[in-house]
Amino acid sequence: MRTFFTAVLVATLSLMLIESPVMAAPASSPSAPLGVVLAADNSNVGAGVATSGATIYDGDRLQTPANSTLRVRLGSGQMVLRQNTIADVHAFPNGFSANLNNGSVVVASPAGQTFQLIADGATVRPANAQATSGQISMISATELILTSTRGTLEVSMGDEVKTVEAGSSYRLEVESEDSGPGPTPQAPHPTARNRFLWIAIPAIAAATGIVIWRALVSPTAPGN
């Protein structure tokens, strides 16, 4: 009887040791670390105020009010949020992904890495594995300004694909083929076939973008 009781006790304790890590695990694990804040000026990451060195997690919302900026490293790439900008960041194979909800960002990836930025239904990414950077500004729900400052940007919506070569700037207007004239532009219908309207911007805009990129990679910039 004593041998039987001992066997039952050992079996019960073993079962408890096996199950206890599962019982102690949280119902949902926190988001994985995605990057770090390099420089912050009156900005927010997630629900808190951003500070240099703070960790950025998958799914965090980055936000800058007026007269403020935020520079972050996401894996091997970087992103700079200019004033009045809101972007949600996510993990992405071999890089990072960001949804631009408002404002203007500078995005950059080194050779062999990538990024994906989604704005107004358009997806912007490097066209190849070369080091690439660019500035994307959301003017409205149907209008973007794109500047490639290094490498070639690929812009796609549905089955339509365009490229922006280094040193070029374009204003991209997104129009639905079933939309008619109206007093104010409307956001593209999610089920309608949308198309690009490309308008070249004078070279001075691209030159401004090049200055931004040089500041981004400068070895004396804050956070390096």
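S.K.: Please explain the nonpolar core as it appears in this structure.
M.R.: The tendency in soluble globular proteins is for nonpolar side chains to be buried side by side. Counting residues in each nonpolar core, the largest one holds 33 residues, and the members touching the most others are L62 and M79. The biggest single contributor to this core is strand β9 (residues 95-109), with five residues. Ignoring any residue separated from it by four or fewer positions in sequence, one finds L62 in contact with N44, V45, I56, L70, V72, M79, L81, T85, I86, A87 and V89.

S.K.: Help me understand the side chain of Q116 in this model?
M.R.: Within the secondary structure layout, Q116 lies in strand β10 (residues 114-119). A polar side-chain atom of Q116 sits 3.2 Å from a polar atom in the side chain of S97. Apart from residues lying up to four places away in sequence, Q116 is in contact with F92, F96, S97, A98, T123, V124 and R125.

S.K.: Can you walk me through unusual backbone geometry in this structure?
M.R.: Most peptide bonds are trans, and most residues other than glycine sit at a negative phi. Positive phi, normally seen in glycine, also occurs at N42, with a value near 55 degrees. Position of N42 among the secondary structure elements: in the loop between β1 (33-40) and β2 (44-45). Unlike most non-glycine residues, N84 shows phi in positive territory, near 55 degrees. Checked against the element boundaries, N84 lands in the loop between β7 (77-81) and β8 (85-92). Residue class for N84 comes out partly exposed when judged on its relative accessible area of 39%.

S.K.: Would you explain the confidence of the model for the protein in this entry?
M.R.: Regions with low pLDDT should not have their predicted coordinates read in detail. For the protein, mean pLDDT is 75; residues scoring 70 or higher make up 65% of the total. In the model, residues 4-29 has pLDDT below 50 throughout and makes zero contacts with residues more than four positions away in sequence or in other chains. Of the regions scoring below 50 in pLDDT, residues 203-224 engages in 31 contacts with residues more than four places distant in sequence or in other chains.

Cut-offs and rules
- Residues numbered from 1 in each chain as written.
- Predicted model: local features only at pLDDT ≥ 70, side-chain atom pairs only at ≥ 80, totals over all residues.
- Heavy atoms only, no water.
- Core = buried A, V, L, I, M, F, W, Y, C linked by side-chain atoms within 4.5 Å.
- Buried < 20%, exposed > 50% of the residue type's maximum accessible area, 1.4 Å probe, protein only.
- Helix = DSSP H or I, 4+ residues; strand = E, 2+ residues; numbered from the N terminus.
- Contact = heavy atoms within 4.5 Å.
- Polar contact = N/O pair within 3.5 Å; in protein donor to acceptor, adjacent residues only side chain to side chain.
- pLDDT = per-residue confidence, 0-100.

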